[in-house]
Amino acid sequence: MRNTEHTTVERELELKLVLSPERSVPVPARLAYRSDDPYAVHMTFHIGSEHPVNWTFARELLVEGVFRACGHGDVRIWPTKVDGRSVILMALSSPDGDALLEAPSAQVSAWLERTLRAVPPGTESERLGIDDGLAELLATTVVGDDLWLRDPWPSDESQDGEL
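The rules behind each value
Residues numbered from 1 in each chain as written. Predicted model: local features only at pLDDT ≥ 70, side-chain atom pairs only at ≥ 80, totals over all residues. Heavy atoms only, no water. Helix = DSSP H or I, 4+ residues; strand = E, 2+ residues; numbered from the N terminus. Buried < 20%, exposed > 50% of the residue type's maximum accessible area, 1.4 Å probe, protein only. Areas by Shrake-Rupley, 256 points an atom, 1.4 Å probe, with all protein chains shown as cover. Contact = heavy atoms within 4.5 Å. Polar contact = N/O pair within 3.5 Å; in protein donor to acceptor, adjacent residues only side chain to side chain. Salt bridge = Lys/Arg side-chain N within 4 Å of Asp/Glu carboxyl O.

J.: Could you give an account of the overall build of the protein, naming the residues involved and the relevant values?
T.: In terms of regular secondary structure, the protein is built from four helices and eight strands. The buried share among the 163 residues of the protein stands at 29%. Working note: accessible area of the protein is about 11100 Å², and carbon and sulfur atoms make up 51% of it.

Structure below.
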């Protein structure tokens, strides 16, 4: 049965945009998770600015990236230590450019834990209502005419005007 209540789990935090091994700049960001989009996490950078940057990727990718290097292509995530602090590095690539972001591991992990309590792993599809939608789509419909009984792709052997 589809759960129609939607939960949003958000967290604002300061990431660091790594420019070189010695230099980084702070980037305000917001992590957002919505139970009506249960497979995805949404990250918004430059929140409060005129042109925020939005990224969406699999929650499972971020969960795995807390523990080990994962991802390929546009989003790659891995844990590491910087100056004795546990951090998560996120390499993002787009046609507009590449970015290496550093996030505090404890804050990201705590936020992820809240998302996993909201929608436990393995229950995401229940939130989408796919089974309910398919059942509704495939339900027998009584129609006033025989339109539903006609062959939608008549054979080449049918006579002119005959369906």
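J.: Describe the environment of E14, listing the residues and the values that go with them.
T.: For E14, the position within the fold is in strand 1 (residues 8–20). The class of E14 is exposed, set by a relative accessible area of 53%. Sequence separation of E14 and A29 is 15 residues, and the distance between their C-alpha atoms is 5.9 Å. Residue contacts for E14: discarding those within four places in its chain leaves P26, V27 and P104.

J.: Can you tell me about the side chain of T44, naming the residues and giving the values?
T.: Its location among the elements puts T44 in strand 3 (residues 40–45). Accessibility expressed as a relative area gives 15% for T44, which makes it buried. In this structure the side chain of T44 is engaged in a polar contact, spanning 2.8 Å, whose partner is the side chain of N54. Beyond its immediate stretch of four places on either side in the chain, T44 contacts P28, A29, R30, P52, V53 and N54.

J.: Before we move on, could you go through the pattern of salt bridges and cite the residues and values that matter?
T.: According to the stated counting rule, one finds seven salt bridges in the structure shown. The partner of R34 in a salt bridge is D36, with the nearest N and O atoms 3.4 Å apart. A relative accessible area of 33% places R34 in the partly exposed class. Here D36 falls in the partly exposed class, since its relative accessible area comes to 36%. Note that E102 is salt-bridged to R85, the shortest N-O span being 3.1 Å. In this pair, E102 sits in strand 8 (residues 97–104) while R85 sits in strand 7 (residues 85–94), placing the two residues 17 residues apart along the sequence. What makes E102 buried here is its relative accessible area of 8%.

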